[in-house]
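Examination of the molecular architecture
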Amino acid sequence: MAKIVTMGEIMLRLSTPGYEKFIQADSFDVNYGGGEANVAVSLANYGHEAHFVTKVPKNPIGDCAIASLRKYNVNTNFIAKGGERLGIYYLETGASMRASNVVYDRAHSSIAEATAADFDFDAIFDGADWFHFTGITPALSDGAAELTEAALKAAKAKGITVSVDLNFRKKLWTSEKAQKVMTNLMQYVDVCIGNEEDAEKVLGFKPSGTDVTSGELELAGYQDIFKQMIDKFGFKYVVSSLRESYSASDNGWSACIYDGKEFYHSRKYNVRIVDRVGGGDSFAAGLICGLIDGKNMKDALEFGVAASALKHTIPGDYNLVTRADVETLVGGDASGRVQR
């Protein structure tokens with residue numbers, strides 16, 4: 001199995017029970033999660049040596065965040081302790097035509113104020129095969145952006161494959177700031193993952209003829225911008241998840257990939273959503289797993305899409321399915337029949 005490093009913020013997630021609105025709730029359900037942490041959990045579940053790098057406060061809440069990762073066999077040896085607080089996000093899960101809503105309370109979190117001096121990147125990347133980050137981490141603060149670039153430089157110095165999930169978050173920064181920061185970071189990236197909004201807001205590429213809110217996808221537009229992205233940044237693969245949002249409860253879910261020569265669109269799943277948070281992270285993790293396992297790009301993409309389709313049925317940020325679960329779905333069994 002491969003050694004994979006991810007780095008970012010893990011947060012305390014406080015979600016309303018069931019489908020209650022914030023104003024209805026008298027309590028919150030507690031989970032932990034965050035883009036890169038979610039990827040690490042998935043990869044550990046698939047049997048890889050997954051390391052998550054972050055900084056958390058030296059208090060019981062920070063300890064609980066670490067424990068949530070250790071529960072699923074993620075290596076936490078390189079997590080720094082210090083700073084004032086763990087970031088929090090509040091989640092109100094939508095249904096039917098009512099969208100889900102996220103409220104962030106993550107300003108001045110431990111990782112947002114961390115520096116490269118908090119981490120021994122030479123030790124962290126020793127023997128590593130892959131490094132994954134997202135566009136969320138550089139959005140946290142100017143210091144977090146500098147930390148991300150320091151990690152990327154250290155990874156590339158060791159010849160490690162790097163992937164990014166662009167993950168634009170309009171509640172964290174503007175498109176203008178995102179493009180300025182992320183365009184610079186793309187020089188270190190081999191595999192670029194995102195969706196149509198990410199490509200436009202983060203890198204300035206927009207597929208033509210696509211309107212996800214109406215369920216219209218024009219694949220030729222994706223192939224065109226993928227080619228432009230490879231020409232500009234030299235990516236080995238460009239990948240996009242394709243979410244057709246019929247409602248908050250029902251989505252079409254597929255993905256496409258391009259390697260500079262061949263464009264491939266995966267099978268589409270019609271998903272009844274239990275919890276869509278972490279869906280993109282589960283897709284990234286499945287794709288990474290497939291590529292590291294030596295699958296061709298088509299099979300790696302199908303593994304990622306199937307893994308993510310299953311994640312949409314699991315409450316919480318983490319995707320807790322096994323390789324066997326994913327392979328069963330890839331093989332065509334989407335019946336949902338009770339396994340006895």
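What counts, and at which threshold
Residues numbered from 1 in each chain as written. Predicted model: local features only at pLDDT ≥ 70, side-chain atom pairs only at ≥ 80, totals over all residues. Heavy atoms only, no water. Helix = DSSP H or I, 4+ residues; strand = E, 2+ residues; numbered from the N terminus. Rg over C-alpha atoms; globule rule 2.2 N^0.38 Å. Buried < 20%, exposed > 50% of the residue type's maximum accessible area, 1.4 Å probe, protein only. Areas by Shrake-Rupley, 256 points an atom, 1.4 Å probe, with all protein chains shown as cover. Lys, Arg positive; Asp, Glu negative; His and termini not counted. Charge placed at Lys NZ, Arg CZ, Asp CG, Glu CD. Polar contact = N/O pair within 3.5 Å; in protein donor to acceptor, adjacent residues only side chain to side chain. Contact = heavy atoms within 4.5 Å. Salt bridge = Lys/Arg side-chain N within 4 Å of Asp/Glu carboxyl O. Core = buried A, V, L, I, M, F, W, Y, C linked by side-chain atoms within 4.5 Å. Axes fitted to C-alpha atoms, helices over the stretch in contact; angles between N-to-C directions. Parallel < 35°, antiparallel > 145°, perpendicular 65-115°, else oblique. Pairing = 2+ DSSP bridges.

1. Examining the overall build of the chain
Counting its secondary structure elements, the chain contains 11 helices and 15 strands. In terms of overall size, the chain behaves like a compact globule, its C-alpha atoms giving a radius of gyration of 19 Å where 340 residues would be expected to give roughly 20 Å. Each principal axis of the C-alpha atoms in the chain carries an extent, and together these give about 50 × 45 × 45 Å. In the chain, which comprises 340 residues, the proportion classed as buried is 55%. Counting only carbon and sulfur atoms, one obtains 48% of the accessible surface of the chain, whose full area is about 14,300 Å². Looking at the chain, you have 36 positive and 44 negative side-chain charges, and the mean spots of the two groups are 1 Å apart.

2. Looking at the side chain of Thr 148
Tracing the chain through its elements places Thr 148 in helix 5 (residues 142–157). In terms of polar contacts, Thr 148 uses its side chain to reach the backbone carbonyl oxygen of Ala 144, at 2.8 Å. If near-sequence neighbours (up to four positions away) are discounted, Thr 148 is found in contact with Met 7, Phe 133, Thr 137, Pro 138 and Leu 185.

3. Examining the pattern of salt bridges
A side chain of one charge can pair with a side chain of the opposite charge when the charged atoms of the two come close. Scanning the entire structure with this criterion turns up 18 salt bridges. Between Lys 227 and Asp 231 there is a salt bridge, with the nearest N and O atoms lying 3.1 Å from each other. Taken as a pair, Lys 227 and Asp 231 lie in helix 8 (residues 219–233) at a separation of four residues, close to a single helical turn. Lys 227 sits in the partly exposed class, given a relative accessible area of 42%. Classification of Asp 231 as exposed rests on a relative accessible area of 55%. One salt bridge in this structure joins Lys 268 and Glu 244, with 3.6 Å as the shortest N-O distance. On the criterion of sequence distance, the pair formed by Lys 268 in the loop between strand 14 (263–265) and strand 15 (269–272) and Glu 244 in strand 12 (residues 237–245) is long-range, its members being 24 residues apart.

4. Looking at the environment of Arg 70
Structurally, Arg 70 is set in helix 2 (residues 60–70). The exposure class of Arg 70 is exposed, given its relative accessible area of 53%. A sequence separation of 64 residues divides Arg 70 from Thr 134, and the C-alpha atoms of the two residues are 21 Å apart. Among the polar contacts listed, one links the side chain of Arg 70 to the side chain of Thr 76, at a separation of 2.8 Å.

5. Regarding the nonpolar core
Ile 10, Leu 43, Leu 69, Val 239 and Leu 287 are the most contacted members of the largest nonpolar core, which totals 55 residues. Beyond its immediate stretch of four places on either side in the chain, Ile 10 contacts Tyr 32, Gly 33, Ala 37, Phe 52, Thr 54, Val 56, Ala 65, Ser 68, Leu 69, Leu 86 and Tyr 318. Within the second largest apolar cluster, 53 residues are counted, among which are Phe 121, Ala 178, Phe 205 and Leu 242.

6. Structural notes on the packing of helix 10 (residues 297–311) against helix 11 (residues 323–330)
In the contact formed by helix 10 and helix 11, the axes pass within 9 Å of each other and the chain directions differ by 110°. For the element pair helix 10 / helix 11, the angle class is roughly perpendicular. Residue-level inspection shows Glu 302, Phe 303, Ala 306, Ala 307, Ala 309 and Leu 310 of helix 10 in contact with helix 11, the latter providing Arg 323, Asp 325, Val 326, Glu 327, Leu 329 and Val 330.

7. Regarding the sheet that holds strand 2 (residues 11–15)
Reading across from one edge, 3-2-7-8 is the order of the four strands in this open sheet, with mixed pairing throughout. Two strands bound the open sheet, and with one partner strand each, they are strand 3 (29–33) and strand 8 (101–105). Each neighbouring strand pair of the sheet contributes to a mean axis angle of 25°, computed without reference to strand direction. Note that strand 2 and strand 3 share five bridges and pair antiparallel.

8. Points about unusual backbone geometry
Its identity is not glycine, yet His 108 carries a phi of approximately 60°, on the positive side. Its location among the elements puts His 108 in the loop between strand 8 and helix 3 (121–124). One non-glycine residue, Asn 167, adopts positive backbone phi at about 40°. With respect to the helices, strands and loops of the structure, Asn 167 is situated in the loop between strand 10 (161–165) and helix 6 (175–185).

Distances and angles like these do not, on their own, reveal function.
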